[in-house]
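# Coordinates in review
For reference, the chains in residue letters:
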Amino acid sequence: MDITIEELKERLDKGENLNLIDVREEYEFDEFNIGAKLIPLGELPDRLEEIEAWKGQEILVHCRSGARSGRAKEYLESEGFTNVRNVLGGMLAWQAAGY
């Protein structure tokens, strides 16, 4: 099940410790980010060891619009990650909501 920007914002505001991955490119992350771990989609296969400990935990992935993070979710699931959620609408929706 994916996650809405509203749910993510609420959880961040509560100070929850989230496994949050931003799969955008570095220049996009540098322009605006919400404190996620940056692993661009193209680098994900080579950087799985960085998140191996999260395999059985909830992982939230986001990008600009939700498309790349949707692909990242599918990839992570194919690699055995069992609780991956895509942030619907991505950072475009986040910014449009005024967060």
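Conventions we followed
Residues numbered from 1 in each chain as written. Predicted model: local features only at pLDDT ≥ 70, side-chain atom pairs only at ≥ 80, totals over all residues. Heavy atoms only, no water. Helix = DSSP H or I, 4+ residues; strand = E, 2+ residues; numbered from the N terminus. Polar contact = N/O pair within 3.5 Å; in protein donor to acceptor, adjacent residues only side chain to side chain. Contact = heavy atoms within 4.5 Å. Buried < 20%, exposed > 50% of the residue type's maximum accessible area, 1.4 Å probe, protein only. Pairing = 2+ DSSP bridges. Right-handed = clockwise from strand over helix to strand, strands pointing away. Phe/Tyr/Trp six-rings, centres within 6.5 Å; stacked < 30°, edge-to-face > 60°. Lys NZ or Arg CZ within 6 Å of the ring centre and 35° of its normal. Patch = residues over 30% accessible without salt bridge, like charges linked within 9 Å, V, L, I, M, F, W, Y side chains within 5 Å. Areas by Shrake-Rupley, 256 points an atom, 1.4 Å probe, with all protein chains shown as cover. Salt bridge = Lys/Arg side-chain N within 4 Å of Asp/Glu carboxyl O. Lys, Arg positive; Asp, Glu negative; His and termini not counted. Charge placed at Lys NZ, Arg CZ, Asp CG, Glu CD.

Labelled according to an unreviewed UniProt entry, the protein chain appears under the name Rhodanese-like domain-containing protein, originating from Aquirufa echingensis.

### A short note on the side chain of Arg24
One can find Arg24 in the loop between strand E1 (20-22) and helix H2 (26-31). Of the polar contacts made by the side chain of Arg24, one reaches the side chain of Asp22; its length is 2.7 Å. A distance of 3.4 Å separates the side chain of Arg24 from the backbone oxygen of Glu28, its partner in a polar contact. Residues contacting Arg24, with those up to four places away along its chain left out, are Phe29, Phe32, Asn33, Leu38, Pro40, His62, Cys63, Arg64, Arg68 and Met91.

### Side note on the pairing of strand E3 (residues 59-62)
Going residue by residue along E3, you find Ile59 and Val61 tucked away on one face and Leu60 and His62 tucked away on the opposite face as well. Note: E3 against strand E4 (residues 84-86), three bridges, orientation parallel. Bridge pairing links Val61 to Asn86 in E4. Running through helix H3 (residues 67-78), the crossover from E3 to the neighbouring parallel element E4 is right-handed.

### Quick word on the packing of aromatic side chains
Aromatic ring pairs: the centre-centre distance and the angle between the two ring planes describe each pair. Evaluated as defined, the whole model comprises one aromatic pair. Pairing Trp94 with Tyr99 gives two aromatic rings, centres 5.1 Å apart and planes at 70 degrees, and the pair type is edge-to-face. Accessibility expressed as a relative area gives 5% for Trp94, which makes it buried. Residue classification places Tyr99 among the partly exposed positions, given a relative accessible area of 34%. A cation over an aromatic ring shows up here: Lys55 above the ring of Phe81, its NZ or CZ 5.3 Å from the ring centre.

### Digging into a negative patch on the surface
Side chains of Glu25, Glu26, Asp30 and Glu31 sit close together on the surface and give a patch of like negative charge. Positionally, Asp30 belongs in helix H2.

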